[in-house]
There are 2 protein chains.
Amino acid sequence: MAELIKIAVDAMGGDNAPAEIIKGCIDALSENDSIHISLVGISEVIEKELSSYQYDNERIEIVNATEVIEMAEPPVNAIRKKKDSSIVVGMNLVKNGECQAFVSAGSTGAVLVGGQVIVGRIKGVERPPLAPHVPTTKGFSLIVDCGANVDAKPSQLVQFAKMGSLYMKSIMGIENPTVGIVNVGAEEEKGNALVKETFPLLKKCPDINFTGSIEAREIPFGQCDVIVCDAFVGNVIIKMYEGVSSALVGVIKESLMSSAKTKIGGALIKTDLKKTLKNFSASEYGGAPLLGLKGLVVKAHGNSKSYEFKRALMQCVSFAQNNVNEQIKESLSLSDIQDGN
Amino acid sequence: MAELIKIAVDAMGGDNAPAEIIKGCIDALSENDSIHISLVGISEVIEKELSSYQYDNERIEIVNATEVIEMAEPPVNAIRKKKDSSIVVGMNLVKNGECQAFVSAGSTGAVLVGGQVIVGRIKGVERPPLAPHVPTTKGFSLIVDCGANVDAKPSQLVQFAKMGSLYMKSIMGIENPTVGIVNVGAEEEKGNALVKETFPLLKKCPDINFTGSIEAREIPFGQCDVIVCDAFVGNVIIKMYEGVSSALVGVIKESLMSSAKTKIGGALIKTDLKKTLKNFSASEYGGAPLLGLKGLVVKAHGNSKSYEFKRALMQCVSFAQNNVNEQIKESLSLSDIQDGN
């Protein structure tokens, strides 16, 4: 048997923890027999959940962690003080090499801080970006960054572009992925100070397929595989996806209930429409990797159900099997970017 | 008869000029008898269009302008060199007091530059913001700024909040409109440098109803009446509205064509669905005012048809009747903000 890919899972994080998280783990184990999972959290709670399932108990273990970091806690403090929380204990498993990946649907802030502070950056990486997938009419794209770098520097955006490209190539099998920088117009001379400074750096970067500016309007149509921006803009993009689709779905539903005729019509299209909207939903695309760390850290959506959580686990498998971290290390050591460590 | 409100119209600007622009003007004239329109552009072209309509020729005049500023032209150059373009000639009508407002569906850049350079700022206004309306599940909100201030300063955002509030109160009749600043989380300590600096200034600003941070996800649900941000972020918001809705509508249409059953369902809901989507479309909400100028300048959407253009003209009427400029002047002279002129 091939060597197992060992994944630490935050059993306590997210709106639907622990039930949906643990169900997602069980489903992943039965779908892919090269996964081993360390469920990190309050052991009695985990044991109780596990007791309702049948599973290969050689590929699952419980790692007790008595504390839980709540969503609203200030992340730096939480990581520093709650040494026995599921996030800190899980990340330490990655740091110590006992696991290759850590997945959490818990506090984004705590995951970002823990990733940097506990797991640590690859030498040369200035700031690790959080890179969620977003649905497009062609498939999906990667937005780098949606994490903590709200006042990013041009050199950081260049690294985001490189790491994003490697990820899309290795994990998603996209040959020569296109890279665009979010801008207010298509022309090179447009943009704020950050974009204007970054644009020429991306243009002369040899190891990415930079296609220039991308206006936000084009993002949902999949104009680029890798979308580069600072985390403030990335956050606005991700949340506009959520907001506009859910508002629009709301008004459509209302319109379907408006008369007897539309109710009948609605009944006829319901199943297909649901499927369509699910395909165009951000949560379908598993978790967001925190790129540029010494181990893999994946942030699953806070409201992940078992299905989405399972997908985040599957992403870890591809990430590990494709040695993305090794590739990032090589790519950044080849470049002339200053060592940020 | 009450005094006429004189509006200069760029007859040559926009994807559907001159036909739809002129039709919009004719419709506005017949809807509201207090409007007078000066159609600015190549007179032969305008005359030919007008010849197919019946209208009150005391309330419409043609002002010849032989040049046209194209969408792709660098705006500063275009405004400087094309002195006989419809945009420059139209704005001069406002500057000289011959018209109270100028409306164009042409180049946004040229309208922004012309507004500042030709019409000029109200004393005390640092930078005039472009403030489009966006649809929400409750009605609509105003995004300030989506114009040229991509690297805005905190003091400018405070002025945007004030001008936006006055606009929503005067034109839209919203008593005590709520004001939110776009942010990556709800907490006060979150944000990039600009937001962190602006937040306390907005908090202590006495003449607005500041409700704190707003996450982009909440914008389509109408959580605030006035949404304050720099123009880079504003542009991303507006274009994500357009992109996500049109991508989503595309996949929904495809799903409706997928089987005989869904086709029948689709036929039953088509009319109501169209109406719903139209109500949730950004173009429904007329034009975007450029706030803080000595006269009113309104940018209509580039692809405006006659209906949308007519709405932009109606906005001018409310703006003029409510003396919004006078109110902005008063509000800014009462405040302790430095004179930016």
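Computed from a prediction, not measured in an experiment: that's the story for all the values here. The residue count restarts for each chain, going from 1 along the sequence in the order it is written. Throughout, the order in which chains and ligands are written sets their labels, letters from A for the former and numbers from 1 for the latter. Where local features are concerned, this predicted model is filtered to residues with pLDDT of at least 70; where side-chain atom pairs are given and counted, the filter is 80 or more; whole-chain, interface and lining totals use all residues. Computation of side-chain values covers all heavy atoms of the structure but excludes hydrogens and water.

(A) Region of interest: the overall build of chain A. Under the DSSP-based scheme used, a helix requires at least four consecutive residues in state H or I and a strand at least two consecutive residues in state E, with every element numbered from the N terminus. Looking only at helices and strands, chain A has eleven helices and eleven strands in total. For 341 residues, the compact-globule formula gives about 20 Å, and the C-alpha radius of gyration of chain A, at 21 Å, lands near that figure. For chain A, the spread of C-alpha atoms along the three principal axes comes to 65 × 60 × 40 Å. For chain A, the residues scored as buried account for 59% of the 341 residues in total. Only the protein chains shown count as cover for residues, with accessible areas throughout obtained via the Shrake-Rupley method and a probe of 1.4 Å. Summed over its atoms, the accessible surface of chain A is roughly 13900 Å², and 49% of this surface lies on carbon and sulfur atoms. We take the radius of gyration over the C-alpha atoms and set the globule estimate at 2.2 Å times the residue count to the 0.38 power. Any residue under 20% of the maximum accessible area for its type is buried, any over 50% is exposed, and the rest in between are partly exposed; the area is computed with a 1.4 Å probe on protein chains only.

(B) Fine view of the packing of aromatic side chains. Residue and element names in this part refer to chain B. Any two rings among Phe, Tyr and Trp, with Trp reduced to its six-membered ring, count as a pair given centres within 6.5 Å; such a pair is stacked if its planes are under 30 degrees apart, edge-to-face if over 60, and tilted if neither. If you walk through the whole model with that rule in mind, you get four aromatic pairs over all chains. A ring pair is formed by Y167 and F319, whose centres lie 6.0 Å apart and whose planes are at 45°; its orientation type is tilted. Of this pair, Y167 sits in helix α6 (residues 154–172) while F319 sits in helix α10 (residues 306–321), placing them 152 residues apart in sequence. Assessed through its relative accessible area of 1%, Y167 is described here as buried.

(C) Region of interest: the sheet that holds strand β1 (residues 5–10) of chain A. Residue and element names in this part refer to chain A. The criterion for strand pairing is that DSSP finds at least two bridges linking the strands in question. Pairing in this open sheet of six strands is mixed, and the strands run β3-β2-β1-β4-β11-β10 from one edge to the other. Of all the strands in the sheet, the pair left with one neighbour each is β3 (60–64) and β10 (288–290). Looking at each pair of strands side by side, their axes are set apart by 25° on average, direction ignored. With three bridges connecting them, β1 and strand β4 (residues 101–104) associate as parallel partners. Paired with V9 across the bridge in β4 is V103. Along the sheet, helix α2 (residues 43–50) makes contact with β2 (35–41) and β3, crossing β3 at roughly 155°. Axes, fitted as lines to C-alpha atoms, cover a helix only where it is in contact. Angles between the N-to-C directions of the axes lie from 0 to 180 degrees. The contact definition used throughout considers only heavy atoms, calling two residues in contact when any of these lie within 4.5 Å.

(D) How the structure looks around the interface of chain A and chain B. Contact residues are listed per partner, giving 49 residues for chain A and 49 residues for chain B. Note on definitions: buried area is the accessible-area loss of two parts on being combined, 1.4 Å probe, summed for both. Between chain A and chain B, a total of about 4600 Å² is buried, with carbon and sulfur atoms accounting for 77% of that surface. The term salt bridge refers to a side-chain nitrogen of Lys or Arg lying within 4 Å of a carboxyl oxygen of Asp or Glu. Here chain A is connected to chain B by four salt bridges. A salt bridge links R217(A) to E242(B), with the nearest nitrogen and oxygen atoms 2.8 Å apart. Counting of polar contacts relies on pairs of N or O atoms within 3.5 Å, with two restrictions inside protein: one atom must be capable of donating a hydrogen and the other of accepting it, and residues adjacent in sequence are counted only when both atoms are side-chain atoms. Linking chain A with chain B are ten residue pairs in polar contact (both at pLDDT 80 or more), by the criterion used here. If you list the elements that add at least two residues to the side of chain A that touches chain B, you get β7 (178–183), α7 (193–203), α8 (231–256) and α9 (260–279) of chain A. In terms of residues, the side of chain A that touches chain B owes the most to one element, α8(A), which gives 20 residues.

(E) Local environment of the relation of the copies chain A and chain B. We place the copies in one frame by least squares, fitting the C-alpha atoms of every residue whose pLDDT is at least 70 in both. Under the fitted operation, chain A is carried onto chain B by 0.0 Å of movement along the axis and a turn of 180°, and the coordinates agree to an RMSD of 0.1 Å. In the structure described here, the two chain copies are related by an operation that fits a two-fold rotation axis. When C-alpha distances to the rotation axis are compared across chain A, the minimum falls at G265(A), with a value of 1.9 Å. When you check the interface residues of chain A against chain B, 100% turn up at the interface there too, and the contact is symmetric in its surfaces.

(F) Broad picture of the pairing of strand β8 (residues 209–215) of chain B. Residues and elements named next belong to chain B. Extensive coverage of β8 is indicated by the burial of five of its seven residues. Relative to β8, strand β7 (residues 178–183) is paired through six bridges, and the arrangement is parallel. Considered in β8, the bridge of G180 is made with G212. Chirality of the crossover, the property in question, places the unit of β7, helix α7 (residues 193–203) and β8 among those that are right-handed. Handedness of a crossover is defined as follows: orient the strands so they point away from the viewer, and if the path from the first strand over the helix to the second runs clockwise, the crossover is right-handed.

(G) Inspection of the sheet that holds strand β2 (residues 35–41) of chain B at higher detail. Residue and element names in this part refer to chain B. In spatial order, the strands read β3-β2-β1-β4-β11-β10; together these six strands make up an open sheet with mixed pairing. Each edge of the sheet is formed by a strand with only one pairing partner; in this case those strands are β3 (60–64) and β10 (288–290). When the angles between neighbouring strand axes are averaged without regard to direction, this sheet yields 25°. Lying over the sheet, helix α2 (residues 43–50) contacts β2 and β3, oriented at roughly 155° with respect to β3.

(H) View of unusual backbone geometry. Residue A17(A) is joined to P18(A) through a cis peptide bond whose omega torsion reads -5°. Secondary-structure assignment places P18(A) in the loop between β1 and α1 (19–31). Positive phi outside glycine occurs at N176(B), with the angle close to 55°.

(I) Layout of the confidence of the model for chain A. Residues and elements named next belong to chain A. Looking at any residue, its pLDDT shows the predictor's confidence there, from 0 to 100. For chain A, mean pLDDT is 91; residues scoring 70 or higher make up 95% of the total. Counting contacts from residues 336–341, a segment whose pLDDT is below 50, to residues more than four positions away or on other chains yields 18 contacts. Both scores are available for the predicted complex, with the pTM at 0.92 and the ipTM at 0.91.

(J) Just the side chain of H36(A), in detail. Residue and element names in this part refer to chain A. Among the structural elements, H36 can be located in strand β2. Given the relative accessible area of 8%, H36 is considered buried. Apart from residues no more than four positions distant in its own chain, H36 is found in contact with L4, I5, K6, I7, E58, R59, I60 and E61.

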